[in-house]
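Listed below, chain by chain, are the residues.
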Amino acid sequence: MDALLFSHGCDAFLIFIDIHTFNGPYMIRILITCLFSFVVLNVSSTEKLTLKEPLTKLSSVSDGPYVFAKKQSVDAIWLCQGQVIQKTLITTELPLLINNCNLTTKVHALRIDENKVLEYQGDYTVAALSDFHGQYDLMLKLLTNNQIIDEDKNWSFGNGHFVITGDIFDRGDKVTEILWFLYDLEQQAKAAGGKIHLTLGNHEVMILNGDLRYLNAKYLTTSEKLNIPFEQLFSQNSILGNWLRSKSVLVKVNNNLFAHGGFHPNLAKENHSLEEINTVFKANLVKSELDKPREGWGKYLHKSNGPIWYRGYFKSGDEGASSQEIDLLLKHFDINHIIVGHTSQKQIETRYQGRVIAIDSSIKKGEYGEILFIESAKNKKDVMWRGSLAGEILSLH
């Protein structure tokens, strides 16, 4: 399948298929998946559908590794210039260095338990951003220039806490690189007395559930060449899939509450706790792993008013949250600010007189991005600023 071009908005799809490369059941599965995603899925709780990136098949992709845990070994698989390479490695000692085709990673554990700690309080600086969307090189530049990492890509933020409110996946072509980078950096931060908080975004949940509408063409090629459905590269027994499943959908750090999309005012009106929201959301994370379909509140949390999809802080009228409702959320969760990604801005900005902070600075475009910094002290107002791509200190407004 040489190219798939989808056009949405004119009630038509244009599908171009090179029949000479249409090679059997797996390509049929991709075609059916793509058509199903655009025609059947209920998109009321998703991003507005526009013309997507052309899903062009690539012939010489390098990608990986995708690593799957066994009892005392791991299976690692790469694409190296379009060729599949597989290794089985014994895990007598961890971390285990895995390298091929200049694609290197460390496996720190065969399994990571779910992180159920949702609140952190301490004397440290907090940095936060969102929505990398496969922009690995821009991410490195932003983190280096703002001294989160050093020139060798190692942690340099000391005891600081670094929050990423989701959406590593989709759009860009270096998602795998970002995942392994953060997976390793998390261990470096821990050793230095710091912490990385990666919360789940809608695109993580989409990928885990096989919704590939925004997937870069590179990863369709990876999936085809490996003959593995893309979402199965992040299955429960994969290192990265297990790691992603260990993540929460929200985190509270020094009385600031972080999530990808946000918190609908009804969560406060109905007296739901952070623990309850996270527990029910995670219990309904991957539909194919559930005993029965999502229902009730578990289904609600995965729809448009849930913490990975909600956009009410950026809408007006009945669809938006009122100033009084923001105050209700702050009081209910005992927080100073709500800090979210998901809805893109040109830079990090505030809403509701500074009570809500939008940290999706459009990194996904591959041109610019910012980091929010917060210094907190007892009985004092938080001091906040923006770090630019060049590492400049900018005011927050």
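Residues numbered from 1 in each chain as written. Predicted model: local features only at pLDDT ≥ 70, side-chain atom pairs only at ≥ 80, totals over all residues. Heavy atoms only, no water.

S.K.: Is there a simple way to think about the layout of surface pockets in this case?
M.R.: The probe, sized like a water molecule, is rolled over the atoms to show the empty space still left. Of the voids in this model, the second largest pocket is the one considered here, and its volume is about 450 Å³. Every residue lining the second largest pocket is counted, 17 residues in all, and those nearest its centre are Thr 104, Thr 105, Tyr 136, Trp 180 and Phe 181. Mapped by element, the contributors of at least two residues to the lining of the second largest pocket are strand E3 (63–69), strand E7 (103–107) and helix H3 (175–191). Tallying contributions element by element places H3 first for the lining of the second largest pocket, with five residues. (1 Å grid on protein atoms, 1.4 Å probe; cavity = no way out; pocket = protein on both sides within 12 Å on 5 of 7 lines; lining within 4 Å. Points joined across faces, edges and corners; volume = space filled by probe spheres on them. Helix = DSSP H or I, 4+ residues; strand = E, 2+ residues; numbered from the N terminus.)

S.K.: Explain helix H10 (residues 323–333) here, please?
M.R.: Three- or four-residue spacings in an α-helix give side chains the same orientation, since the helix completes a turn every 3.6 residues. Taken residue by residue, H10 has Glu 325, Ile 326, Leu 329, Leu 330 and Phe 333 as its buried positions. Each buried residue of H10 lies within a common arc of 145 degrees when the element is viewed along its axis, so the set occupies one face. Exposed and facing more than 90 degrees away from the buried side of H10 are Gln 324 and Lys 331. Along its buried surface, H10 packs onto strand E12 (250–253), strand E13 (256–259), helix H7 (265–269), helix H8 (274–283), strand E14 (337–340) and strand E16 (356–358). Asp 334 lies just past H10 and shows a positive phi near 55 degrees. (Buried < 20%, exposed > 50% of the residue type's maximum accessible area, 1.4 Å probe, protein only. Arc of directions from axis to C-beta. Contact = heavy atoms within 4.5 Å.)

S.K.: Even after reading the chapter, I still don't get the sheet that holds strand E17 (residues 371–375), so can you show me in this structure?
M.R.: Sheets are built from strands paired through backbone hydrogen bonds, the pairs being either parallel or antiparallel. Strand order across the open sheet formed by six strands is E11-E10-E9-E17-E18-E19, with mixed pairing between neighbours. Bordering the open sheet on either side are strand E11 (195–198) and strand E19 (393–394), each of which pairs with just one other strand. The pairing of strand E18 (residues 383–387) with E19 spans two bridges and is classified as antiparallel. Within E19, the position partnered with Gly 387 by the bridge is Ile 393. Contacting strand E10 (161–164) and E11, H3 crosses the sheet at an angle of about 145 degrees to E11. (Pairing = 2+ DSSP bridges. Axes fitted to C-alpha atoms, helices over the stretch in contact; angles between N-to-C directions.)

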